[in-house]
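Spelled out from the first residue to the last, the chains are:
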Amino acid sequence: MSIVTYNNRSIANISAIGAAKALTHIKTVTASGDSTISFVDGSSDVVLDSTYPIYLLKYINVHPASDSQHLNVNFRDGGSSYDATKTTSYFEAEHGEDGSGAAVNYVTASDLAQGTGVQKIAPNVGGDADQSCSGELFLFNPSSTTFVKHFIIRTNTVRSDNITFDTHVAGYCNVTAAIDAIQFSFGSGNIDAGTFKLYGLKDS
Amino acid sequence: MSINVCSNRSMASITSLPSGVSAGSLVLLETQTASSSSTISFTSNIDSTYKEYVFKFIDIHPSADNINFTFNMSADSGSNYNVTKTTTFFEAYHKEDGSEVDFAIADSRDLAQSTAFQQLNGAGVQNENDGSISGYLKIFEPSSTTFIKHFISSSMSNAHNGHYAWNSFMAGYGNTTSAVDAVQFKMSSGNIDAGTIKMYGVV
């Protein structure tokens with residue numbers, strides 16, 4: 001083994017470090033008129049397997065092609081369809097730019113009970129040029145073949161009627177098959193713009 | 001130059017790594033330690049380098065009692081902290097003697113198209129020796145000149161003379177398409193007596 005030497009107080013010939021990379025960037029996808037944005041394990045440099053116990057997805061300034069569209073997410077548990085069975089909770093805080101309507105509410109119409117359809121994570125995202133939603137999704141231990149797959153999501157949205165929404169979704173994919181892909185979509189129309197980033201979080 | 005030595009298989013006093021070696025995706029950009037500070041401002045390194053900036057505020061202790069810990073953004077490099085904001089604020093709290101709990105919207109703490117500073121705590125932070133607030137503030141793509149500027153925050157403080165655990169959730173957006181390039185924190189009255197605020201960029 002060669003000796004690693006100092007170079008003006010930096011160290012040369014180091015190709016990887018361990019503990020400092022607790023949050024590891026895996027993949028960035030920039031939307032541009034896409035019907036869906038997907039992260040599929042083993043495809044296009046995406047890792048979504050047992051490499052990390054926790055995965056974090058950031059979605060930043062996601063903008064719909066059509067006005068007032070829900071941003072949705074779904075998970076794949078084998079095969080090619082995004083249809084993992086999910087049970088979720090959904091609550092949101094809202095406040096209008098005109099000062100009206102401040103409230104925090106549980107929204108039964110937006111949660112799922114053993115549903116296989118998409119889960120709403122941002123309501124009625126505005127289509128004005130400066131409107132969008134941004135947030136983050138934590139997915140825990142997707143490769144487990146023993147446990148269900150928990151997830152926690154928080155999103156801030158400018159709704160089409162100029163109301164800010166702080167949306168909190170949590171739940172689990174009620175499957176013991178591994179989750180190997182995640183997909184984002186709007187209820188109708190394309191994802192006109194937005195940045196989606198996938199990270200892995202190490203546990204040691 | 002002294003030779004740095006391995007210590008329990010870690011290296012001490014390393015100041016940089018070779019290019020191409022990532023130190024991880026959460027990059028510490030700046031740490032500021034309050035000491036009777038009227039304001040704590042971050043006026044550099046907020047640009048298009050990162051799509052998200054994370055501020056972690058740790059044990060922020062006010063000089064005055066029952067005071068709010070607040071933030072604002074600047075679109076002119078810190079000359080003015082007055083970005084227009086619309087926000088939501090809700091909170092859960094529990095009194096130490098178990099006699100009170102609540103989970104509710106806190107309309108008095110939110111903003112509607114206001115340029116004022118946004119509070120990050122619920123009821124006022126207490127200034128007894130062990131009183132403080134800790135939490136995070138995340139700002140998404142502050143450099144955008146297309147979109148508004150989303151932010152989300154969560155904090156825990158001991159409030160109301162230290163008798164309550166107060167969990168606060170604030171979120172909203174800076175309603176501007178100008179780039180945000182500076183962020184300032186301050187108490188609503190008096191100084192930040194002590195505390196640490198760290199700014200990270202997320203790769």
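What you see is a predicted model, and the numbers here were worked out from it, not measured in a lab. (Residues numbered from 1 in each chain as written. Chains lettered and ligands numbered in written order. Predicted model: local features only at pLDDT ≥ 70, side-chain atom pairs only at ≥ 80, totals over all residues. Heavy atoms only, no water.)

A.B. asks: Please clarify how the overall build of chain A should be interpreted in this entry.
C.D. replies: Check the secondary structure of chain A and you find zero helices and 15 strands. Relative to its full complement of 204 residues, chain A shows a buried share of 50%. Restricting the contact set of chain A to residue pairs at least 6 apart, pairs at least 24 apart contribute 74%. In the form shown here, chain A has an accessible surface area of approximately 8200 Å², with 48% of it arising from carbon and sulfur atoms. (Helix = DSSP H or I, 4+ residues; strand = E, 2+ residues; numbered from the N terminus. Buried < 20%, exposed > 50% of the residue type's maximum accessible area, 1.4 Å probe, protein only. Contact = heavy atoms within 4.5 Å. Areas by Shrake-Rupley, 256 points an atom, 1.4 Å probe, with all protein chains shown as cover.)

A.B. asks: So what exactly am I meant to see when it comes to the packing of aromatic side chains here?
C.D. replies: Ring pairs (aromatic) are described by centroid distance and by the angle formed between their planes. Summed over the entire model, instances satisfying the criterion amount to 20 aromatic pairs over all chains. Pairing F91 of chain A with F90 of chain B gives two aromatic rings, centres 5.7 Å apart and planes at 85 degrees, and the pair type is edge-to-face. Note that F91 of chain A is positioned in strand 7 (residues 86–96) and F90 of chain B in strand 7 (residues 85–95), a pairing that runs across two chains. An angle of 90 degrees between the planes, with centres 6.2 Å apart, marks the rings of F42 of chain B and F185 of chain B as edge-to-face. Of this pair, F42 of chain B sits in strand 4 (residues 40–42) while F185 of chain B sits in strand 13 (residues 182–187), placing them 143 residues apart in sequence. Taking the relative accessible area as the measure of exposure, F185 of chain B reaches 0% and is therefore buried. Within the aromatic cluster, the residues linked to one another by ring pairs are F42, F55, F57, F69, F71, F151 and F185 of chain B. A cation over a ring is seen here: K186 of chain B above F117 of chain B, with NZ or CZ 4.2 Å from the ring centre. (Phe/Tyr/Trp six-rings, centres within 6.5 Å; stacked < 30°, edge-to-face > 60°. Lys NZ or Arg CZ within 6 Å of the ring centre and 35° of its normal.)

A.B. asks: Would you take a moment to explain the side chain of T176 of chain B for this structure?
C.D. replies: Residue and element names in this part refer to chain B. Tracing the chain through its elements places T176 in the loop between strand 12 (164–174) and strand 13. Within the structure, the side chain of T176 is placed 2.9 Å from the backbone nitrogen of S178, a separation counted as a polar contact. Dropping the residues within four chain positions of it, T176 is found in contact with V83, F147, I148 and K149. (Polar contact = N/O pair within 3.5 Å; in protein donor to acceptor, adjacent residues only side chain to side chain.)

A.B. asks: Explain the sheet that holds strand 14 (residues 192–202) of chain B here, please?
C.D. replies: Through backbone hydrogen bonds, the strands of a sheet pair up, either in parallel or in antiparallel fashion. All names here are of chain B. Taken together, the eight strands give an open sheet; going across it, the order is 3-14-5-10-11-12-7-8, and neighbouring strands pair in antiparallel fashion. If you trace the sheet from one side to the other, it starts and ends with strand 3 (26–37) and strand 8 (101–105), each paired once. For this sheet, the mean angle separating the axes of adjacent strands, direction not counted, is 10 degrees. (Pairing = 2+ DSSP bridges. Axes fitted to C-alpha atoms, helices over the stretch in contact; angles between N-to-C directions.)

A.B. asks: Hey, could you run me through the environment of L201 of chain A in this one?
C.D. replies: Residues and elements named next belong to chain A. With respect to the helices and strands, L201 occurs in strand 15 (residues 191–201). Taking the C-alpha atoms as reference, L201 lies 36 Å from E97; in sequence the two are 104 residues apart. Those residues in contact with L201 that sit more than four places away from it in its chain are A22, L23, Y52, P53, I54 and L56.

A.B. asks: Quick question: what am I supposed to make of the pattern of salt bridges here?
C.D. replies: Working definition: two side chains of opposite charge can pair if their charged atoms are close together. The full count for this structure, using the stated rule, is eight salt bridges over all chains. With its nearest N and O atoms 2.8 Å apart, the salt bridge here joins K138 of chain B to E136 of chain A. Residue K138 of chain B is located in strand 10 (residues 133–140), and its partner E136 of chain A is located in strand 11 (residues 133–140); the two belong to separate chains. An identical accessibility class is assigned to K138 of chain B and E136 of chain A; each is buried. The salt bridge involving R109 of chain B is made with E91 of chain B; its shortest N-O contact spans 2.8 Å. One end of the pair, R109 of chain B, is in the loop between strand 8 and strand 9 (118–119); the other, E91 of chain B, is in strand 7, with 18 residues separating them in the sequence. (Salt bridge = Lys/Arg side-chain N within 4 Å of Asp/Glu carboxyl O.)

A.B. asks: Looking at this model, I keep getting lost on the confidence of the model for chain B. Mind explaining?
C.D. replies: Low pLDDT means the predicted coordinates in that region are not meant to be read closely. All names here are of chain B. Confidence along chain B averages 90 in pLDDT terms, with 88% of residues attaining 70 or more. Scored below 50 in pLDDT, residues 5–10 shows four contacts in the model against residues more than four places distant or in partner chains. The complex model carries a pTM of 0.90, and its ipTM stands at 0.88. (pLDDT = per-residue confidence, 0-100.)

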